[in-house]
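Fold and contact review
Here are the chains, one letter per residue:
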Amino acid sequence: MTSSADGGGVATWQPQAEGLREICGLLEQQMSPTSDDKSLIWQKLQHYTQFPDFNNYLAFIFARAEGKSVEVRQAAGLLLKNNLRSAFETMPPANQHYIKSELLPCMGASDRQIRSTAGTIISAFVQIGGVVGWPELLHALVKCLDSNDPNHMEGAMDALSKICEDVPQVLDADISGLSERPINVFLPRFLQLFQSPHTTLRKLSLGAVNQFIMLMPTVLYVSMDKYLQGLFVLANDTAPEVRKLVCSAFVQLIEIRSAVLEPHLRNIIEYMLIVNKDPDDEVSLEACEFWSAYCEADLPPENLREFLPRLIPVLLSNMAYADDDESLVDAEVDGSLPDRDQDLKPRFHSSRFHGSEDAEDEDDDIVNVWNLRKCSAAALDFLSNVFGDEILPTLMPIIQANLSATGDATWKDREAAVLALGAIAEGCISGLYPHLSEIITFLIPLLDDNFPLIRSISCWTLSRFSKYIVQGIAHQQGREQFDKVLMGLLRRILDDNKRVQEAACSAFATLEEEAAEELAPRLDVILQHLMCAFGKYQRRNIRIVYDAIGTLADAVGGELNQPTHLEILMPPLIAKWQQLSNSDKDLFPLLECFTSIAQALGAGFSQFAQPVFQRCISVIQTQQLAKVDPVSAGAQYDKEFIVCSLDLLSGLAEGLGAGIESLVSQSNLRDLLLQCCIDDSHDVRQSAFALLGDLARVCPVHLHSRLPEFLDVAAKQLNTPKLKETLSVANNACWAIGELAIKVHKEMSSIVLTVISYLVPILQRPEGLNKSLIENCAITLGRIAWVCPELVSPHMEHFMQSWCLALSMIRDDIEKEDAFRGLCAMVRANPSGALNSLVFMCKAIASWNEIRSEDLHNEVCQVLRGYKQMLKNGAWEQCMSALEPPVKDKLLKYQHFIGNKGEGTAREFDLLYRGVLF
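Since this is a predicted model, take the numbers as computed values, not measurements. All chains use their own residue numbering, which begins from 1 and follows the written sequence. Note on the predicted model: pLDDT of at least 70 is required for a residue's local features to be given, and 80 or more for side-chain atom pairs to be given and counted; whole-chain, interface and lining totals, by contrast, use all residues. By convention in this description, side-chain values take in all heavy atoms of the structure and omit both hydrogens and water.

Considerations on the overall build of the protein chain
- Each helix is a run of DSSP H or I of at least 4 residues and each strand a run of E of at least 2, with the numbering of both proceeding from the N terminus. Secondary structure assignment for the protein chain yields 50 helices and zero strands.
- Over its C-alpha atoms, taken along the principal directions, the protein chain stretches across nearly 100 × 75 × 65 Å.
- Of all 918 residues assigned to the protein chain, the portion counted as buried reaches 57%.
- Any two residues whose heavy atoms approach within 4.5 Å at even a single point are treated as in contact. Taking contacts inside the protein chain between residues at least 6 apart in sequence as the whole, the part at least 24 apart equals 75%. Here the term buried applies to any residue with accessible area under 20% of the maximum for its type, exposed to any over 50%, and partly exposed to those in between, with areas from a 1.4 Å probe on protein chains only.

Structure follows, in structure tokens:
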């Protein structure tokens, strides 16, 4: 395909008739519902991309093919937009210029679809190349906005709204050749359009301004009063899409710039109360977001307090299922019907992580779609956490009235009342606690209600009180109530309704976590119900059974290791394990389940270990081959197979301990693992380093032949410019280095200084890094110092302060003991290296609640005694006076051992440690 361009000039480019006819024909076939082979048509279109001016043809068809249908022109435009990302860099400037020049007039096209598609393509251009290289665009946009022609104004606003949504920062930047930032030119025009008689212009202009709330450019900040006045005018707009954007603006402002709303807060709250009952669901949903945002904002609660008696009934009313809620249809699906592929939620395996998790637990989402009902329940939850029992006098009479309503017609109100009880379970527990036994007694029969959605919400609400149900086991009545809840949830696990099955399994998993070893006497009946469900459930819910089994194993630990329990549990799981192929994604949750079981059973898992271990090795090998040659592997690459297999191997190492050695010795795990440690996937590397650390603990001898390579690749994870993007990988790599250090000792020597040089900057600049990485860096540095003090101690004065600060934040455990052994070893090798950091070291020592190891306790006392003797002329007392009273109090427990033997010298300190003086 060639053009008739003479030397590539823009003005003279014209398409050849034959090429134009071919491309239009393919686009028409692609749009035709009767076309048989869409993929073949797509391949032919892709063939044309090899011609430099193919995108010129698409631009011509989009902009000028007046005789073609709007759908064909639109298809050409969208194909052009998709091509830009890959073709822009190599596209000749003349072609870029031609396409841009054809796009600009389309903003004023008479057809709205053409105008909208033009806006989409223009925004794509700006995303890729910014506005610097397209000065004509800004001029054309301003000209269109000022034209008073509705089509031109709407076309320009459509393009600008998309640019503001996709790359707002481009408009709030200094641009060479322009006297001011583009947003300074556009924002006043946006605000003016709030008054437009055209709904589309009001909507697009308001949406565009809202995109800048987070960025808050200077022009918006100084125009805030005008913006707010515009919002107040639009608050009662006849168009629901405009009212929704007004609500969205108030929600964003309360989250990000709450101070600007404070003078108007009373009126805004009044408005939000009204639109929270808006007949348009999307408006009322956006308005409902305001209450949660308010509770999270730094605003005084009393501003909202007086509105609670009016707000709470609105929330409770909105918590009832709407007649068109898709959950009402889903709830009627028979549990025996097989799941369709679209019924299966995407699942995400969380790679193994060693250290303090920063994530918070989240309640299982019992409503799949975010809607007004769910949002209202979340708002009530927030309000209960801010106002506590204050909301009960308003809320409880409504709940009681709804729960006492009888008849099938009122079931939605009863269901909403149960949801409300669950929503306030945390925030109002003080007020509910005296009546908790009655509340739970009332909820238990609802587990057997005729309406499946009442059964499912009752499961969830009971799970919200799990902590208190378990606490009640201490007395007879509470134990009986716990058993009733337990058996009620187990009955619902075997419900015929899929929705109830899901809610019951999730609720039971929550109860398991709280009850832990209290479940041990009831394990047989629990396992019987779970394995019965395992045989009954369809694909989607069987994943939740795996989770419940895994949570049970985590909760009861070694109690599971009884022949009677294993006879119930293992045969069905092994049968499923054998049934699934290495490329079946249903293997993921089963691998996760086996991980928990292996850890719980410990050595008891050894009878099942060999085939499980071999399967993991096989899956990893298959996937590593699939990555480079899917045909030979007979499978498509999916990193989750590798991640889940690595995590199960970690579970085996943790459970079997040294018992895994014979399996490792007869496999090529070491080489596979090294390959995984250099994988380009963060998740694979994260799990690989977790396994490396676990193997270092139990069978380091089998890592020995490739130890330098493991240490080198692990160290590199700590020295990457993208550290903040790979924190979990760095965390596990750091932990693994520490585990290797205490096993291989002096064999670390060659890499010690390299690792230290990577650890120290992390400790010195911890901003933006997670707590666990800082802790693991501190522990690993200590472990390396313990095994190679002569290499580390000469450099200790450069990192002692930040290191001791990190050590003081770590909870008491065996890893902290290792780190302090390293501290003592370094001080022994270089006492003067810590002199300038003595206050920090004392604070680190005071962070212990109790040093359980007697020999470490003695070493720490020797350190303190040595420095006390070494520091003369009141220097020790001066150091002690710099410590806060709580720190001094904690150091007193070592004073008895420090003694008061007068002053000494550095030489005496050195002799002290070599046992000469004592």
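Don't stop here, the text continues.
A few points about the pattern of salt bridges
- Whenever Lys or Arg places a side-chain nitrogen within 4 Å of a carboxyl oxygen from Asp or Glu, that contact is recorded as a salt bridge. Evaluation of the coordinates by the stated rule reveals 46 salt bridges.
- Here Glu390 ties to Arg305 by a salt bridge, and the two come within 2.7 Å at their closest N and O atoms. With Glu390 in the loop between α20 (372-387) and α21 (392-404) and Arg305 in helix α17 (residues 302-305), the pair connects residues that are 85 residues apart, well separated along the chain.
- Owing to a relative accessible area of 41%, Glu390 belongs among the partly exposed residues under this scheme.
- Arg492 is the partner of Asp495 in a salt bridge, and the nearest nitrogen-oxygen pair spans 2.7 Å. Both residues of the pair, Asp495 and Arg492, count as buried.
- Put simply, Asp448, Arg455, Arg491, Arg492 and Asp495 are held in one network by salt bridges that share partners.

Examining the confidence of the model for the protein chain
- How sure the predictor is of each residue is captured by pLDDT, a score from 0 to 100. With 92% of its residues at a pLDDT of 70 or more, the protein chain has an overall mean of 89.
- Counting contacts from residues 3-11, a segment whose pLDDT is below 50, to residues more than four positions away or on other chains yields 13 contacts.
- Scored below 50 in pLDDT, residues 358-367 shows 17 contacts in the model against residues more than four places distant or in partner chains.

Regarding the side chain of Ser793
- Topologically, Ser793 is positioned in the loop between α43 (789-792) and α44 (800-807).
- Residue class for Ser793 comes out buried when judged on its relative accessible area of 4%.
- If sequence neighbours within four positions are ignored, Ser793 has contacts with Met826, Ala829 and Asn830.

A word on a negative patch on the surface
- Only residues whose relative accessible area exceeds 30% and that take part in no salt bridge are eligible for patches, with like-charged residues grouped when within 9 Å of each other and nonpolar side chains (Val, Leu, Ile, Met, Phe, Trp, Tyr) grouped when within 5 Å. Residue-level accessible areas treat just the shown protein chains as cover; the underlying method is Shrake-Rupley with a 1.4 Å probe. All tallies of charge rest on Lys and Arg as positive and Asp and Glu as negative; His and the ends of each chain are not included. Note on charges: their place is set at NZ of Lys, CZ of Arg, CG of Asp or CD of Glu. On the surface, Glu513, Glu514, Asp547 and Asp554 cluster together into a patch of negative charge.
- Of all the secondary structure elements, the ones that give two or more residues to the negative patch are α28 (498-515) and α30 (539-556).
- Inspection of the secondary structure puts Glu514 in helix α28.

Brief notes about the packing of helix α33 (residues 606-628) against helix α35 (residues 639-656)
- Between N-to-C directions, angles span 0 to 180 degrees; the directions come from axes that are lines fitted to C-alpha atoms, helices contributing only their stretch in contact. Between α33 and α35, the least distance of the axes is 9 Å, while the angle of their chain directions is 150°. As the angle between them shows, α33 and α35 are arranged roughly antiparallel. Remark: the crossing between α33 and α35 carries left-handed chirality. Listed contacts from α35 to Ser606, Ala609, Val612, Phe613, Cys616, Ile617, Val619, Ile620, Gln623 and Gln624 of α33 are Phe641, Ile642, Ser645, Leu646, Leu648, Leu649, Leu652 and Leu656.
- Basically, the charged four are Asp, Glu, Lys and Arg, the nonpolar ten are Ala, Val, Leu, Ile, Met, Phe, Trp, Tyr, Cys and Pro, and anything else, Gly included, counts as polar. A per-class count over the contact of α33 with α35 returns 14 nonpolar, four polar and no charged. Should an angle lie under 35 degrees it is considered roughly parallel, over 145 roughly antiparallel, and from 65 to 115 roughly perpendicular; all remaining angles are considered oblique. Throughout, a crossing is termed right-handed when the near helix is turned clockwise from the far one, and left-handed when it is turned anticlockwise from it by less than a right angle.

With respect to the UniProt feature "domain: Importin N-terminal" (unreviewed entry) in the protein chain
- UniProt positions are given in the numbering used here, feature names are shortened, and annotations may be inferred rather than shown by experiment. The UniProt entry lists residues 41-109 under the feature "domain: Importin N-terminal" (unreviewed entry), expressed in the numbering used here.
- As annotated, residues 41-109 has a helix share of 72% and a strand share of 0%, and its two end C-alpha atoms lie 29 Å apart.

Notes on the packing of helix α1 (residues 17-31) against helix α4 (residues 70-87)
- Viewed as axis vectors pointing N to C, α1 and α4 meet at an angle of 105°, and their least axial separation amounts to 9 Å. In terms of orientation, α1 and α4 fall into the roughly perpendicular class. Taken together, the residues of α4 that come into contact with α1 (itself represented by Leu27, Glu28 and Met31) are Glu71, Val72, Ala75, Ala76 and Leu79.
- Looking at the contact of α1 with α4, its residues break down into six nonpolar, no polar and two charged.

Concerning the environment of Leu669
- As for its position among the elements, Leu669 is in helix α37 (residues 669-677).
- Using a relative accessible area of 1% as the deciding quantity, one classes Leu669 as buried.
- Taking the C-alpha atoms as reference, Leu669 lies 52 Å from Ala76; in sequence the two are 593 residues apart.
- Dropping the residues within four chain positions of it, Leu669 is found in contact with Phe613, Ile617, Leu649, Val664, Leu691 and Leu695.

Side note on the packing of aromatic side chains
- Aromatic contacts are taken between Phe, Tyr and Trp rings whose centres are within 6.5 Å, Trp giving its six-membered ring; a plane angle under 30 degrees counts as stacked, one over 60 as edge-to-face, and the others as tilted. Applying the stated criterion across every chain, the model contains 22 aromatic pairs.
- Ring geometry for Phe534 and Tyr546: centres 5.6 Å apart, planes at 65°, overall edge-to-face. One end of the pair, Phe534, is in helix α29 (residues 523-536); the other, Tyr546, is in helix α30, and 12 residues separate them in sequence.
- Owing to a relative accessible area of 8%, Phe534 belongs among the buried residues under this scheme.
- By relative accessible area, Tyr546 is classed as buried at 4%.
- Taken together, a centroid distance of 6.2 Å and an interplanar angle of 65° make the contact between Phe594 and Phe605 edge-to-face. Taken together, the residues Phe594 in helix α32 (residues 587-601) and Phe605 in the loop between α32 and α33 connect sequence positions 11 residues apart. One exposure class covers both Phe594 and Phe605, and it is buried.

Some words on α44
- A large share of α44 lies buried, amounting to six of its eight residues.
- Taken together, the buried positions of α44 are occupied by Met800, Ser802, Trp803, Cys804, Ala806 and Leu807.
- Residues of α44 that are buried sit in contact with α41 (752-764), α42 (771-787), α45 (814-829) and α46 (838-846).

Some remarks on the nonpolar core
- As used in this record, nonpolar core signifies buried Ala, Val, Leu, Ile, Met, Phe, Trp, Tyr and Cys residues forming a set joined through side-chain atoms within 4.5 Å. Counting 334 residues, the largest nonpolar core has Tyr227, Trp291, Leu573, Ile597, Phe605 and Met841 as its most contacted members.
- Dropping the residues within four chain positions of it, Trp291 is found in contact with Ile269, Met272, Leu273, Asn276, Leu304, Leu311, Leu315 and Ala379.

Some words on the side chain of Glu817
- Relative to the helices and strands, Glu817 resides in helix α45.
- Judged by its relative accessible area of 10%, Glu817 is buried.
- Excluding residues within four positions of it along the chain, Glu817 makes contact with Trp848, Arg852, Ser853 and Leu856.

Side note on helix α6 (residues 112-129)
- Across its 18 residues, α6 extends 26 Å between first and last C-alpha, which sits within 8% of the 26 Å expected from 1.5 Å per residue.
- Pairing of N or O atoms within 3.5 Å defines a polar contact, subject to two protein rules: one partner must be a possible hydrogen donor and the other a possible acceptor, and residues neighboring in sequence count only if both atoms are side-chain atoms. Capping the start of α6 is the job of one residue whose side-chain oxygen sits 2.8 Å from the backbone nitrogen of Gln113: Asp111.
- Taken from the residues just after α6, Gly130 is the one with a positive phi, measuring 70°. Helix span is expected to be 1.5 Å times the residue number reduced by one.

Some details on unusual backbone geometry
- Phi is positive for Asn148, which is not a glycine, with a value near 65°.
- Of note, Asn148 is situated in the loop between α7 (135-145) and α8 (150-166).
- Backbone geometry places Ala516, a non-glycine residue, at a positive phi of 50°.
- If you trace the backbone, Ala516 turns up in the loop between α28 and α29.

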